[in-house]
Amino acid sequence: MEVLSNIFFEEPDGEIYYDILNSQGKEWLIGSKDIRTAFEIYQPTAIKGKILKSFFPCICRFPFVYSRLHIKKKKLKLQPEIEHILQRTFGNDVSISCFGGTPCVHQKAVIQIYRNLKILGYCKVARSQDVGYLFDKECENLNYLREKSVDSIPEVLFRCDLDDLKLFCQSSVKDKSGQTIDRMTEKHWLFLANLYNKTRTVIKFEETDYYALLKRVKKNAVVLKETDLEIVQRACELISKKYNNSTVEFGFYHGDFTPWNTVIENGKIKVFDFEYAKRTYPPYLDAVHYLLQKNFFVDGLNDANQIYSSLKESSIWKKFDDRRSLEMVIMYLLEIINLYLSRTSEESLDEKSRQKIRIEILEKAVTEYANLSR
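This is a predicted model, so every value here is computed, not measured.

Procedures and definitions
- Residues numbered from 1 in each chain as written.
- Predicted model: local features only at pLDDT ≥ 70, side-chain atom pairs only at ≥ 80, totals over all residues.
- Heavy atoms only, no water.
- Pairing = 2+ DSSP bridges.
- Helix = DSSP H or I, 4+ residues; strand = E, 2+ residues; numbered from the N terminus.
- Axes fitted to C-alpha atoms, helices over the stretch in contact; angles between N-to-C directions.
- Contact = heavy atoms within 4.5 Å.
- Buried < 20%, exposed > 50% of the residue type's maximum accessible area, 1.4 Å probe, protein only.
- Arc of directions from axis to C-beta.
- Polar contact = N/O pair within 3.5 Å; in protein donor to acceptor, adjacent residues only side chain to side chain.
- Expected span 1.5 Å × (residues − 1).
- Parallel < 35°, antiparallel > 145°, perpendicular 65-115°, else oblique.
- Left-handed = near helix turned anticlockwise from the far one by under 90°.
- Nonpolar A, V, L, I, M, F, W, Y, C, P; charged D, E, K, R; others polar.
- Phe/Tyr/Trp six-rings, centres within 6.5 Å; stacked < 30°, edge-to-face > 60°.

Draft legend 1. Molecular detail of the sheet that holds strand S4 (residues 95-99). Strand order in the open sheet formed by 8 strands is S3-S1-S2-S4-S5-S6-S8-S7, and the pairing between neighbours is antiparallel. Two strands close off the open sheet at either side, each with one partner strand: strand S3 (71-78) and strand S7 (156-162). The average undirected angle you get between the axes of adjacent strands in this sheet is 25 degrees. The pairing of strand S6 (residues 118-126) with strand S8 (residues 165-171) spans 6 bridges and is antiparallel. Across the sheet, residue Ala-126 finds its bridge partner in S8, namely Lys-166. Sheet strands touched by helix H5 (residues 80-90): strand S1 (8-21), S3, S4, strand S5 (109-115), S6, S7 and S8. Its angle to S7, the strand with the most contacts, is close to 160 degrees.

Written as structure tokens, this is what we have:
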């Protein structure tokens, strides 16, 4: 609620919002105007959340359901400074819904701005200097992708600070007709292929973002217990041995390519949330991220053997041979393991459990890759 309290304040003559809080501590404030459009900010992965999104617009007129659904009805207003800058960008007659963000060290709120049935844009809000830096990088990367003629991505509208609040606003690439799909389709693969083809560059490995990642993960992994550290070090050595002192052709990496950061409209995929992007990474690591996040958050898998089997049955292994597929998995896991190594002290028990599973999968992939090389 801390981030949301920087955006809204309670006021008797304010707009009506429905306050939804789930079991993971995630919070949404859903506007009451054009409520089906308002609910587009709410992207649940659990079946209960999907049922709520489908049926609440029909039953919200009956107050007795609120307590049973753990929903509160509030009257709120936007903080004047935020309201002014949004009205300056989108006009006066707009409505708001808001997601308070995933509780973590990089927590940020996301404001959805809409008018009637049309979503106009999204504004991210945070207090952290680190998140402000991520906003700056996302601005740079979106502008870079537009220069490279990558379509189906947002346009930067503004990036500014209001005292200690960091704001980043972008246009919407989706509307109410958009469909979120949990599976990796050929449209997802075509987007990633287009992303790579339009951004690929020939470069010395030691000059790439991925080489910088390997240096960071070697440094950060020292906090791991000895057996896990050995697994990560072995993976780093394997990748370094293949790529050191070579010239590579790497391209753009989205960094959080997931079902909830993609939408399909009129048969075309649209993609957003580029804050963790990198410019010189191996191609198609985003596909591994998509499938692994689906395993965790959509399928609810929490067993390394199950997830590893799922990966080997996925479209990755259908498109690439065993060696290339395993290499993609290893290189992706080093990236995501490093990301959470930098957050260890502030992550939830669930995230620490997922980190353990990632390292177990990494061990399996490294062992299998080494056996192929014999």
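Draft legend 2. Seen up close, the side chain of Lys-294. Looking at the secondary structure, you find Lys-294 in helix H10 (residues 285-298). Given a relative accessible area of 17%, Lys-294 falls into the buried group.

Draft legend 3. Summary view of helix H11 (residues 304-312). What H11 keeps buried is the set Ala-304, Ile-307, Tyr-308 and Leu-311. Along the long axis of H11, the arc covered by the buried residues comes to 100 degrees, so they all point the same way. Residues of H11 that are buried sit in contact with H10, helix H12 (315-319), helix H13 (322-341) and helix H14 (349-372). Backbone nitrogen of Asn-305 and a side-chain oxygen of the N-cap are separated by 3.1 Å at the start of H11; the cap is Asp-303.

Draft legend 4. Main features of H13. With 20 residues, H13 should cover 28 Å at 1.5 Å per step; its first-to-last C-alpha distance of 28 Å lies within 8% of that length. Counting buried residues in H13 gives 17 out of 20 residues, a clear majority hidden from the surface. The N-cap residue of H13 is Asp-321: its side-chain oxygen and the backbone nitrogen of Arg-323 are 3.3 Å apart.

Draft legend 5. Representation of the packing of H13 against H14 within the structure. The interhelical angle for the contact between H13 and H14, taken along N-to-C directions, is 150 degrees, at an axis separation of 9 Å. Here H14 runs roughly antiparallel to H13, going by the angle between their axes. For the pair H13 and H14, the crossing hand works out as left-handed. Only Glu-351, Gln-355, Arg-358, Ile-359, Ile-361, Leu-362, Ala-365, Val-366, Glu-368, Tyr-369 and Leu-372 of H14 make contact with H13, whose side of the interface consists of Asp-322, Arg-323, Leu-326, Glu-327, Val-329, Ile-330, Leu-333, Leu-334, Ile-336, Ile-337, Tyr-340 and Leu-341. Of the residues belonging to the contact of H13 with H14, the class tally is 16 nonpolar, 1 polar and 6 charged.

Draft legend 6. A look at the packing of aromatic side chains. All told, the structure shown has 23 aromatic pairs when counted by the stated rule. Taking the centre distance of 6.1 Å and the plane angle of 5 degrees together, the rings of Phe-191 and Phe-257 count as stacked. On the criterion of sequence distance, the pair formed by Phe-191 in helix H7 (residues 186-199) and Phe-257 in the loop between strand S10 (247-253) and strand S11 (262-265) is long-range, its members being 66 residues apart. Measuring from ring centre to ring centre gives 5.6 Å for Tyr-284 and Phe-320, while their planes differ by 45 degrees; the resulting arrangement is tilted. Separated by 36 residues along the polypeptide, Tyr-284 in the loop between strand S13 (278-281) and H10 and Phe-320 in the loop between H12 and H13 bring together distant segments of the chain.

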